[in-house]
Each structure stands twice: as structure tokens, then as C-alpha cells.
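Here is what each chain is made of, one letter per residue.
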Amino acid sequence: PLKYYVYNICDHRQCYEEVQSQAISYTTGVPAVIGAMLMLTGKWRAAGVFNVEEFDAEPFMEKLNIHGLPWNETFEPVVVE
């Protein structure tokens, strides 16, 4: 078995200073906007009904870095208790 984690750390104070909102609003809104952009540009478009997980993740992950939600990845996560 392989454990692989992709995660983002968003600072509440920094987020509030930038957009006058809590980080939870930012981390909820930005991915939705990126998904809409990918649909409108045709990168996430196909005939039928699809879940976002079925589309290519690479353009989405790239846009997260550009639009303020940089991500990290690890194959050996440290569990915080």
C-alpha cells in the first residue's frame, strides 16, 4: 500500500489581510473558480456527466499554485496527534 498526501496550508491572518475573509472561504472559493475557468476554457469539458475527479488534475493543480493555494506533497506523512 502507498500513502500519498497532497495538502495546502492557508494562514487565516494572511488570508484576512489579503481578502478580508477567513481562510476557509478562500480555500472553498478558489478551487470552485478554478474549476469554472477550466470548464469555460474547454480543458474540463466532455460529453455527458462527469465528476471533477475524472478530468485531468494537472491544470487544476497548476492553477492552485498561481491563484494563492500552493500545495505540498509527501509520501511519508507525519501524523500529528
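Residues numbered from 1 in each chain as written. Predicted model: local features only at pLDDT ≥ 70, side-chain atom pairs only at ≥ 80, totals over all residues. Heavy atoms only, no water.

A. Layout of the overall build of the chain. Along the chain, the regular secondary structure elements total 3 helices and 2 strands. Written out in order from the N terminus, the α and β elements of the chain read β-α-α-α-β. Over its C-alpha atoms the chain spans a radius of gyration of 15 Å, topping by over 25% the 12 Å that the globule rule assigns to 81 residues. C-alpha atoms of the chain, sized along the principal axes, occupy 45 × 40 × 20 Å. (Helix = DSSP H or I, 4+ residues; strand = E, 2+ residues; numbered from the N terminus. Rg over C-alpha atoms; globule rule 2.2 N^0.38 Å.)

B. Layout of helix α3 (residues 57-66). Those residues of α3 not exposed but buried are Pro 59, Phe 60 and Leu 64. Here the buried residues of α3 occupy an arc of 145° about the axis, which is enough to place them on one side. Every exposed residue of α3 that faces more than 90 degrees away from the buried side is listed here: Glu 58 and Ile 66. Contacts from the buried residues of α3 go to α2 (23-40). For α3, the capping residue at the N-terminal end is Asp 56, with a side-chain oxygen 3.2 Å from the backbone nitrogen of Glu 58. Backbone geometry just downstream of α3 places Gly 68 in the positive-phi region, at approximately 95°. (Buried < 20%, exposed > 50% of the residue type's maximum accessible area, 1.4 Å probe, protein only. Arc of directions from axis to C-beta. Contact = heavy atoms within 4.5 Å. Polar contact = N/O pair within 3.5 Å; in protein donor to acceptor, adjacent residues only side chain to side chain.)

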